[in-house]
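Take a look at the letters that make up each chain.
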Amino acid sequence: MPRVKSFFGNQYGIAEMDLGVFSIWGFWDTLLTAVLIFIFWLYAKSFGNNNKSVLVSSTLVWVSVFVIFWVATANMGLSNWKILLITLPLSLLEMIVGAWIASKLYATNRWSS
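The following refers to the structure shown. (Residues numbered from 1 in each chain as written. Predicted model: local features only at pLDDT ≥ 70, side-chain atom pairs only at ≥ 80, totals over all residues. Heavy atoms only, no water.)

Here we come to the side chain of Ser53. Residue position: Ser53 is located in helix H3 (residues 51-75). In this structure, Ser53 is in contact with Phe40, Tyr43, Ala44, Phe47 and Gly48, ignoring residues within four places of it in sequence. (Helix = DSSP H or I, 4+ residues; strand = E, 2+ residues; numbered from the N terminus. Contact = heavy atoms within 4.5 Å.)

Now the structure itself:
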């Protein structure tokens, strides 16, 4: 947060932690979860509910969202390239866990019909 604030100078509202920002993050997290579940469902419907479906769907969403975002952020100078060594593996783990949870929900046979 200090790096972002210093980059944008004295502009108001940069990197604030308030209800508006948390609401946007809540919407973003909900949208990301919905996309991950939808991609997993599509893949599992075509190729079966297995570990490959978890890995492919989570990797696809991860590359489509996190890798592009973090590389663009670092490329614009808003982030350090070294932070990608931490953020990218952790975000991949997050996507794999999310797809695994989706896999377990899919196995309850509620989605498969």
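Bringing helix H2 (residues 19-47) into the picture now. Taking 1.5 Å of rise per residue, the 29 residues of H2 would be expected to cover 42 Å, and the 41 Å separating its terminal C-alpha atoms lies within 8% of that figure. In this structure, the buried residues of H2 make contact with H3 and helix H4 (84-107). Gly48 sits one or two positions beyond H2 and adopts a positive phi of about 95°. (Expected span 1.5 Å × (residues − 1).)

In this structure the tally under the stated criterion is four aromatic pairs. Geometrically, the ring pair formed by Phe40 and Tyr106 is edge-to-face, given 5.9 Å between the ring centres and 85° between the ring planes. Of the two residues, Phe40 sits in helix H2 while Tyr106 sits in helix H4, which places them 66 residues apart along the sequence. Judged by its relative accessible area of 0%, Phe40 is buried. Ring geometry for Tyr43 versus Phe47: centroids 4.6 Å apart, planes at 40°, classification tilted. Here Tyr43 and its partner Phe47 are both found in helix H2, four residues apart, which amounts to about one turn of the helix. You can call Tyr43 buried: its relative accessible area is 18%. Look at Phe47 and you get exposed, because its relative accessible area is 55%. (Phe/Tyr/Trp six-rings, centres within 6.5 Å; stacked < 30°, edge-to-face > 60°. Buried < 20%, exposed > 50% of the residue type's maximum accessible area, 1.4 Å probe, protein only.)

Residues Ile83, Leu85, Ile86, Leu90, Leu93, Val97, Trp100, Ile101 and Leu105 make up a contiguous nonpolar surface patch of about 870 Å² in total accessible area. Among the structural elements, Ile83 can be located in the loop between H3 and H4. Overall, the relative accessible area of 33% leaves Ile83 in the partly exposed class. (Patch = residues over 30% accessible without salt bridge, like charges linked within 9 Å, V, L, I, M, F, W, Y side chains within 5 Å. Areas by Shrake-Rupley, 256 points an atom, 1.4 Å probe, with all protein chains shown as cover. Salt bridge = Lys/Arg side-chain N within 4 Å of Asp/Glu carboxyl O.)

Here the focus is the side chain of Ser58. Locating Ser58 in the fold gives a position in helix H3. Within the structure, the side chain of Ser58 is placed 3.2 Å from the backbone oxygen of Leu55, a separation counted as a polar contact. Apart from the residues lying within four places of it in its own chain, the contact partners of Ser58 are Leu36, Met95, Ile96 and Ala99. (Polar contact = N/O pair within 3.5 Å; in protein donor to acceptor, adjacent residues only side chain to side chain.)

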